[in-house]
Amino acid sequence: RAAVTYGADAVYLAGRAFGMRAAADNFSIEELHEAVTYAHAHGVRVYLTVNTMPRENEYPALRDYLISVASAGVDAMIIADIGVMSLVREILPDMQIHVSTQASSVSSRDCMVWRSLGAKRVVLARELSFDEIRAIRANIPDDLELECFIHGSMCISYSGRCLLSNHLVGRDGNRGMCAQPCRWNYTIRGYEIVEEKRPDIPLPVEEVNGETFIMSSRDTCMIEHIPELVESGINSLKIEGRMKSSYYTAVVTNTYRMALDSYFSGDYQYNPAWRRELESVSHRDYGTGYYFSDSHKDANTATQTGYLRDRAFLATVTDYDPESGYAKLSQRNKMCIGDAVELLTPGKTGERFICDNLFDGEMNPIQSTPHPYMTFYMKMPHGVNVGDILRGGE
């Protein structure tokens, strides 16, 4: 809902099986139907990820799963494995196929083979530069679409194909269960690094300038390069974040929506406030991925392993009466009279004001909103919309 409200043209999501984010609160079959209905009612497409690499004994369950989602009405399936693609073609012959970034497509010949098998879109590997993307676009027909990740978490392993999680805790990252060991807390012990909870599994490493952040990758942030992205021939700009909050989804989607709309208005000018918006959400050090660098020479690592914390997500507007000016809100974090807050609404950057009134569900004056998900009211300084967000002010 946050992605749709704040300007996404399409949303990608997973069911409860065969998706690369097994730890996410994924969709049941019933929820998938509801999500597609909701998205389509707002003119937004839905892409279902079926992008794990199933083993031999998993194919009967995969067949049943594809049959169960057939009537949901998703607009495309995102697939990494050629066997999965073959089965989808058999069971759902009219389904549009997008090739997952897990397939590590890095050349026009690669893309053309996928096209010959029926793919409509290829999500290119994250390790490509702008020059390489332009070259691929120049050597494939216009009817084959290209999609690239432009914001969010990166992986130290090539296109996410990592065995470290499997090695350390028996959770296969290539089957949607990555424990993200590249972001754990490691310390030095002689010429080894040791994870704080697993001292019996040391990893040899050389310390350089007192730092060993060798596995924590920067987050990609391409907000300052919208013209280059569009003009490189990319058809779809993809935001990573299925394990993030609705606040994160709203802010990041809204920011790139504003930037893209500005570009296509014909009067584009970069707005520094867009970067400030993206700094307001939880993230690691930002970088530009491999768009401007050589992935063979630059590991794109962060200077710190932890997340830079976001501003507090205070509440969501659930109803608004324009005559009285009162908004009904659902609490997410405590706020108090006198706090500086910001209103985030689709198509705009955050607008700061001071909270000078709060009322409980019975319209009794209160000094704060201490209870999780409590309903409260607030007279707003101007009109608001259902789905607008209140967050902590700077």
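The preceding data block contains the structure.
Cut-offs used in this document
- Residues numbered from 1 in each chain as written.
- Predicted model: local features only at pLDDT ≥ 70, side-chain atom pairs only at ≥ 80, totals over all residues.
- Heavy atoms only, no water.
- Pairing = 2+ DSSP bridges.
- Helix = DSSP H or I, 4+ residues; strand = E, 2+ residues; numbered from the N terminus.
- Patch = residues over 30% accessible without salt bridge, like charges linked within 9 Å, V, L, I, M, F, W, Y side chains within 5 Å.
- Areas by Shrake-Rupley, 256 points an atom, 1.4 Å probe, with all protein chains shown as cover.
- Salt bridge = Lys/Arg side-chain N within 4 Å of Asp/Glu carboxyl O.
- Expected span 1.5 Å × (residues − 1).
- Contact = heavy atoms within 4.5 Å.
- Axes fitted to C-alpha atoms, helices over the stretch in contact; angles between N-to-C directions.
- Parallel < 35°, antiparallel > 145°, perpendicular 65-115°, else oblique.
- Left-handed = near helix turned anticlockwise from the far one by under 90°.

> Would you take a moment to explain the pairing of strand β7 (residues 186–189) for this structure?
As defined by bridge partners, β7 adjoins strand β8 (residues 192–195) across 4 bridges and the pair is classed as antiparallel. When the bridges of β8 are listed, Thr187 appears paired with Val194. The antiparallel hairpin formed by β7 and β8 contains 2 residues in its connecting segment, where Gly190 sits at a positive phi of about 65°.

> Would you mind going over a nonpolar patch on the surface with me for this structure?
Taken together, the side chains of Ile82, Val113 and Leu117 make up a nonpolar region of the molecular surface, amounting to roughly 260 Å² of accessible area. Looking at the element boundaries, Val113 is found in helix α5 (residues 108–116).

> What should I look at first to understand helix α2 (residues 29–41) in this one?
With 13 residues, α2 should cover 18 Å at 1.5 Å per step; its first-to-last C-alpha distance of 18 Å lies within 8% of that length. Summarising the contacts, the buried residues of α2 are in contact with β1 (10–14), β2 (45–50) and α3 (59–69). Of the residues flanking the end of α2, it is Gly43, one or two places downstream, whose phi is positive at about 75°.

> Looking at this model, I keep getting lost on the packing of helix α9 (residues 246–264) against helix α10 (residues 272–279). Mind explaining?
Any two packed helices are characterised by how steeply their axes cross, that is the angle between the axes, and by the distance between the axes. The interhelical angle for the contact between α9 and α10, taken along N-to-C directions, is 165°, at an axis separation of 9 Å. Considered as vectors, α9 and α10 are oriented roughly antiparallel to each other. The interaxial crossing formed by α9 with α10 has left-handed handedness. Contacts from Val251, Val252, Thr255, Tyr256, Met258, Ala259 and Ser262 in α9 reach Trp274, Glu277 and Leu278 in α10.

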